[in-house]
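# A structural walkthrough
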Amino acid sequence: MQTGKITALYARFSFDDGIDAESGSIEHQKALLKNYAESNGFTNLSYYADDGYTGTNFNRPDFKRMMNDIRNGLVGAVIVKDMSRLGRNYLMVGQYVEIEFPKHNIRFIAISDNVDSAKGMNDLLPIHNLMNEWYSRDISKKVRAMVRQKGNSGQHITSKLPYGYYNTPENKQTWLIDEEAAEVVREIFDLYVHHAMGTNQIALQLQDEKRIGIQYYHKIIKGIPITGENIYSWCSATIVSILKRQEYVGDTVNFRTEITSYKNKKVIYNDEEKIKIFPDTHPAIISRELFQMAQDRREKTIRHPSRPHKYLFGDYLYCMDCHARMHGRQCGTKQEDILYCYECTTYRKSKGCYFHGVPEKYLEDEVLKAIQRTISKANSNPDAFYKTIQKSLEKKSDDSKAVISAELEKSQLRITEIDKYIQGLFEAKVRGEIDGSLFASLKKTYDEEKEQLNTLIAELIGKLNEKNESNNKLKLFMQAIKKYDAVTELTPQVLADFIEHIEVGKCQNTSKKLPLSKRDNAISVFFWGIGIF
């Protein structure tokens, strides 16, 4: 029927459509389209197929290729199996069928729906398109509900396993450790925590060691051939993404992201309160202690411009007065007079606070002495040292863990009682023993008490979590004590093992003529889990 122009046979399939996989498959659609085209005299047939693409989104590779050919005047007709193969977005389907195709003199045919623009468009076609969209929305709701149910029950809902794990087609819920990849994950955490290496440095080291990059590793595992590419490619962003993944301690983390709607596939990141975490659901690659140390370092890491001097305390220093970060800087103009020091950010930006400039050498001496004193006390009598720390932590806390737990249990039991009372009130109202106004008044009183209890329970759980985190940090500190018989010099690893943060106050010598190299600022060293000791 056409002379020279293409007859575009367009097929689309996605499991989101909910149709039978065999009858709806791309191959089945192609056979149907070819048979129809040849039977009706269409020539110069060309296939355009998008396999695995939802109909609610028109950003499909072959659909875009077809539209590009249409706009270039290469296509004379478009044939699809039915309207839903073109798309399931009511507005977009209408735009293409009623505006785009007629504008380029395209004859449009939907075989199963008996649509042929050469014979005139059915007035009910917009309603048919709308029903296709409703169908897609209904399928989307059902899929989301299923995913939500699985996620809330603690099952894995991610379609892409973290690097270091694999599963089998028979049981996708069981995650197993891929030892080759897991070795790289462990190395990344070790270099970051114990060797204080930056993420870019780690990426460069993995490249030097010829560790296969993640995307290429997955391709090799799947048997996909790779030629002429740098398979040892790593970058800082990849290292950061690995360091952030709590799945490596054996936990399932669900609902980290979601999409806006079934029409808009843009991924958004959820707030912490929406994320569900289920502990110990699969084998761990690293310990919880190591993961916690990595997160603590990530929280306090600051980036300095590229400098030949590595500022040892760059991730640890805070101003004692305004609590702002303290950044490293170079003082002195002559090479022999160069002095490395740290300065309060607030003061440096002329936004208040005092001059807290402190020489790095002075910090090294003071912090080293504090660590040596602590190790000496711990080694002289480990049991007494641990008990002293525990008592100190209890004094700093408002209540003991046992008291908090008891209060939490009491509050939870009271909520259970209130629910029973409300149920009893409702039954009494149904039996006619109390009237509606009395029921409403009593229920309001119970609801208000229940709301207060829920607020209290959230606070108590928060306190328990803080105590558990504090206990974990204390364990890390005690492990560090056992690790060193003595510390004679400060290294990044020593700081990472012992120090949580350091606060720097004003200079204790008030002389205005005091040179920077002679400053003796007040220093408070906060150790992991115990604070100042």
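This section reports on the structure supplied with the text. Computed from a prediction, not measured in an experiment: that's the story for all the values here. (Residues numbered from 1 in each chain as written. Predicted model: local features only at pLDDT ≥ 70, side-chain atom pairs only at ≥ 80, totals over all residues. Heavy atoms only, no water.)

### Overview of the packing of helix α6 (residues 179-193) against helix α7 (residues 199-208)
At a minimum axis distance of 10 Å, the contact between α6 and α7 shows a crossing angle of 140°. By the angle between their axes, α6 is oblique relative to α7. Handedness of the α6/α7 crossing: right-handed. Listed contacts from α7 to V184, E187, I188, L191 and Y192 of α6 are T199, I202, Q205 and L206. The class makeup of the residues in the contact of α6 with α7 is six nonpolar, two polar and one charged. (Axes fitted to C-alpha atoms, helices over the stretch in contact; angles between N-to-C directions. Helix = DSSP H or I, 4+ residues; strand = E, 2+ residues; numbered from the N terminus. Parallel < 35°, antiparallel > 145°, perpendicular 65-115°, else oblique. Left-handed = near helix turned anticlockwise from the far one by under 90°. Contact = heavy atoms within 4.5 Å. Nonpolar A, V, L, I, M, F, W, Y, C, P; charged D, E, K, R; others polar.)

### Concerning the sheet that holds strand β1 (residues 6-13)
Judged by pairing direction, the sheet is mixed, and its five strands sit side by side in the order β2-β1-β3-β4-β5 without closing on themselves. Unpaired on one side and paired on the other, β2 (45-51) and β5 (115-116) mark the two borders of the sheet. For β1 and β2, the ladder comprises seven bridges, and the chain directions are parallel. Paired with L9 across the strands is Y47, a residue of β2. Set on the sheet, helix α1 (residues 26-39) makes contact with β1, β2, β3 (75-80) and β4 (107-110); between it and β1 the angle comes to about 155°. Sheet contacts for helix α2 (residues 61-71): β1, β2 and β3; angle to β2, the most-contacted strand, approximately 145°. (Pairing = 2+ DSSP bridges.)

### A short note on the pairing of strand β6 (residues 165-168)
Where β6 lies against strand β7 (residues 171-177), three bridges are found, and the strand directions are antiparallel. Across the sheet, Y166 pairs through a bridge with L176, a residue of β7. Between β6 and β7, which pair antiparallel in sequence order, lie two residues.

### Examining the packing of aromatic side chains
Per the counting criterion, the structure on display carries 16 aromatic pairs. A centroid spacing of 5.4 Å and a plane angle of 45° characterise the contact between Y484 and F498, whose relative ring orientation is tilted. Highlighted residues: Y484 in the loop between α15 (436-483) and α16 (492-498) and F498 in helix α16, separated in sequence by 14 residues. Classification of Y484 as buried rests on a relative accessible area of 14%. Take F498: its relative accessible area is 0%, and that puts it in the buried class. (Phe/Tyr/Trp six-rings, centres within 6.5 Å; stacked < 30°, edge-to-face > 60°. Buried < 20%, exposed > 50% of the residue type's maximum accessible area, 1.4 Å probe, protein only.)

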